[in-house]
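Tertiary structure, described
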Amino acid sequence: EERKSKHLAVSTNMSESGHMVSIYDTLYTLFEKAIIEAYPDLTDPPVVISSSNNPKFGDYQCNSALPLCKLLGSASQGKKVSPREIADKIILKVASSPLVEKLEVAGAGFINIYLKREFGQAILANILKHGKVLSPPVVQKRRILVDFSSPNVAKEMHVGHLRSTIIGDSIARLLEFLGHDVLRINHIGDWGTQFGMLIAHLEDKFPNYTTESPPISDLQSFYKESKVRFDEDEEFKKRAYACVVKLQAHEPKYIQAWKLICDVSRKEFQSIYNRLDIKLIERGESFYHSRMKDIVKELEEKNFLEEDEGRKIMWGENREGIPLTIVKRDGGFTYDTSDMAAIKHRIVEEKAEWVIYVVDAGQATHFQIMESCARRARIVLSCHNIDFVGFGVVLGEDKKKFKTRSGDTVKLSQLLDEGLKRAEQKLMEKERDKVLTKEEFNKAKESIAYGCIKYADLCHNRNHDYVFSFDKMTEDKGNTAVYLLYALTRIRSIARTANVSREEMQEAIGKTPISLEHEKEWKLAKVLLKFPDVILKITKDLCLHTLCELCYEIACAFTEFYDNCYCVEKNQTGEIVKVNMGRILLTEVTAMMLEQCFALLGLKPVEKM
Ligand code: ARG
């Protein structure tokens, strides 16, 4: 009686829960309890749970016996026990769980875990009932600041910034999905010494810029021109320096010139963000100008600054690596100063509990030392998390740094244009222009183009360099956005061709169980059930390629299912005579899951393509 009511409690709990159960967490807790019960004398015993790649070894495995054996042996408990005996002992202590069908010991003490289909069914049915893919339970909602994209004014926004933009956006989307309070911050380089020469050049070329807006549509060539003068003309150089001083002293005319230049850049950046559907709050280095003075004062008063050949430097906690330069010889501030001011603002004023920097791997040391200094100064405390999310370089197909044929950096707008062109070619190859309306065609084109560029970036381990190849990313086989976007439209079309209306689907959700009897159905379901675990893992390592791998796994498992299981039965004339609603529901939940994954990756599915 008691057992039965307990079981019932769990299942109602589950189906009403607004979250999706994490299999890994559930198994972890279950086995942790069992192991502690079996070996009460051990503190912190090893709990090793992994999903199995081979159905012969169950769906998941608990591989604690081996490390436990070593631990017991080294503790010289006297008698020798084998891993198998340990595994047997653990199994006896595992409480009954609605999640587990059966356990078995294999090989050298591996415990194979088989999941219960009813449980999987209930979790997936819960998604259908809620009409959305539910997030895994998050113990603690946090205020998180993600610093990403962050290009520099007048200098080009290059592929490195594109990586930061794509990765940062996806991380922010994932944390928002989990219910965290996320601030998306664009730390634009808008206060550097480059402004001296830009303003000096502006004054010469467009002297009446205060009354008339100068036509600098191409800030990059404007930057290049001024740089040439700066390097060749001593007189100009002096004036440029003087301009920086006046700008930093907030002289109105210089501020106006600075604003003008920033506006041109901002428009360019914004058009990229609009095309890629990226939301960001601009808070450039200039924002911290007065706060830089404050932080210098604070660090000085607390005796953290040291003299070094006229500079003021600060060492990290163990005087490791290199120090930050807080004040330059000429009294000016640096990138280091602005980051110290920024971290203080983020922690103290924004009340961020977790700050994530998405910047190329080349800046790893800068952020390491910056964090170390901020901890040393007790701006960042042990309750705060600081994460540096680095990424590798973008390479061309020749495996060298990504450049145009003439050796220039690739303009991002041109790169996106090229993507659109490739997507259009792809659709024309498939003669989609004959089937789709103009509007549908354009939607599909954008979805493919931007989807491919984002996905190609996200599906690689971000720590590695990656080769940017339009040919590769637009292939319609393999782990690409094109393949996945097509897979989703195909899945979505199944219910449509079966003539199942929204209403019928809605009605079936409460009544018909999701079909999970067939081996391929169950296999697909088990892939879908991994979703919460993949998400939770990403919150730890901030590596999004595992989510891409899940998408691909879902698409492949779906194909296998669809090849083996009929969703509808047709007669000789091709008329539909029977609809297998349980399978249509499995199809529906698969589509919802893929859509949710796409939303996290910033891909936009289209109804038709
Ligand atoms: N603007 C810098 C660059 O282009 C990136 C800024 C990253 N964020 C930061 N808080 N430093 O390299």
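Since the structure is predicted, the reported quantities are computational estimates derived from the model, not experimental observations.

Scoring rules and cut-offs
- Residues numbered from 1 in each chain as written.
- Predicted model: local features only at pLDDT ≥ 70, side-chain atom pairs only at ≥ 80, totals over all residues.
- Heavy atoms only, no water.
- Pairing = 2+ DSSP bridges.
- Helix = DSSP H or I, 4+ residues; strand = E, 2+ residues; numbered from the N terminus.
- Axes fitted to C-alpha atoms, helices over the stretch in contact; angles between N-to-C directions.
- Contact = heavy atoms within 4.5 Å.
- Buried < 20%, exposed > 50% of the residue type's maximum accessible area, 1.4 Å probe, protein only.
- Arc of directions from axis to C-beta.
- Near = heavy atom within 4 Å.
- Polar contact = N/O pair within 3.5 Å; in protein donor to acceptor, adjacent residues only side chain to side chain.
- Areas by Shrake-Rupley, 256 points an atom, 1.4 Å probe, with all protein chains shown as cover.
- Nonpolar A, V, L, I, M, F, W, Y, C, P; charged D, E, K, R; others polar.
- Parallel < 35°, antiparallel > 145°, perpendicular 65-115°, else oblique.
- Left-handed = near helix turned anticlockwise from the far one by under 90°.
- 1 Å grid on protein atoms, 1.4 Å probe; cavity = no way out; pocket = protein on both sides within 12 Å on 5 of 7 lines; lining within 4 Å.
- Points joined across faces, edges and corners; volume = space filled by probe spheres on them.
- Patch = residues over 30% accessible without salt bridge, like charges linked within 9 Å, V, L, I, M, F, W, Y side chains within 5 Å.
- Salt bridge = Lys/Arg side-chain N within 4 Å of Asp/Glu carboxyl O.
- Lys, Arg positive; Asp, Glu negative; His and termini not counted.
- Charge placed at Lys NZ, Arg CZ, Asp CG, Glu CD.
- Expected span 1.5 Å × (residues − 1).

A closer look at the sheet that holds strand β3 (residues 100-106)
The 4 strands lie next to each other as β1-β2-β4-β3, forming an open sheet whose pairing is antiparallel. Taken across any chain shown, the strands that pair with only one partner, and hence form the sheet edges, are β1 (49-51) and β3. When the angles between neighbouring strand axes are averaged without regard to direction, this sheet yields 25°. Across the face of the sheet, helix α4 (residues 83-93) comes into contact with β3 and β4 (110-115) while running at roughly 160° to β3.

Details of helix α18 (residues 502-511)
Listing the buried residues of α18 in full gives Met505, Ala508 and Ile509. The arc that holds every buried residue of α18, seen down its axis, measures 110°, which confines them to one face. Away from its buried face by more than 90 degrees, α18 exposes Glu503, Glu507, Gly510 and Lys511.

What about the site of the ligand?
Neighbouring the ligand are Asp147, Ser150, Asn152, His161, His187, Tyr335, Asp339, Tyr357, Val359, Gln363 and Phe367. A distance of 2.7 Å separates a nitrogen atom of the ligand from a polar atom in the side chain of Asp339. With respect to the ligand, the side chain of Gln363 contributes an N or O atom lying 2.8 Å from an oxygen atom. Protein chains shield 91% of the accessible area of the ligand, which is 350 Å² for the free molecule. Partitioning the shell around the ligand into residue classes produces 4 nonpolar, 5 polar and 2 charged.

Comments concerning the packing of helix α17 (residues 481-497) against helix α21 (residues 545-564)
Close contact between α17 and α21 brings their axes to 10 Å; oriented N to C, the two are set at 40°. Here α17 is positioned oblique relative to α21, judged by the angle of their axes. Crossing of α17 against α21: the hand is left-handed. The residues of α21 that touch α17, namely those facing Tyr483, Leu484, Ala487, Ile491 and Ile494, are Cys551, Tyr552, Ala555, Cys556, Phe558, Thr559 and Tyr562.

Side note on empty space enclosed by the protein
Sizing a probe to match a water molecule and rolling it over the atoms shows the empty space that remains. Under the counting rule described, the total for this entry stands at 5 cavities of 30 Å³ or more. A volume near 60 Å³ is recorded for the largest cavity. If you go around the largest cavity, the residues you meet are Ile167, Asp457, Leu458, His460, Asn461, Arg462, Leu542, Cys543, Leu544 and His545. When the residues that make up the lining of the largest cavity are grouped by side-chain class, the tally is 5 nonpolar, 3 polar and 2 charged.

Observations regarding a negative patch on the surface
Together, Glu232, Asp233, Glu234 and Glu235 make up a region of like negative charge exposed at the surface. By secondary structure assignment, the location of Glu235 is in helix α9 (residues 234-248). Relative accessible area serves as the criterion here: at 54%, Glu235 is assigned to the exposed category.

Side note on the environment of Gln425
Note on placement: Gln425 falls in helix α14 (residues 412-429). Residue Gln425 is classed as partly exposed on the basis of its relative accessible area, which comes to 41%. Each C-alpha atom of the pair Gln425 and Lys445 lies 9.2 Å from the other, and the pair is 20 residues apart in sequence.

Brief notes about helix α2 (residues 23-38)
The end-to-end C-alpha distance of α2, which contains 16 residues, comes to 22 Å, matching closely the 22 Å that a straight helix rising 1.5 Å per residue would cover. Every buried residue belonging to α2 is among Ile23, Leu27, Leu30, Phe31, Ala34, Ile35 and Ala38, and all of these are buried. Buried residues along α2 cover an arc of 130° about the axis, so they all sit on one side.

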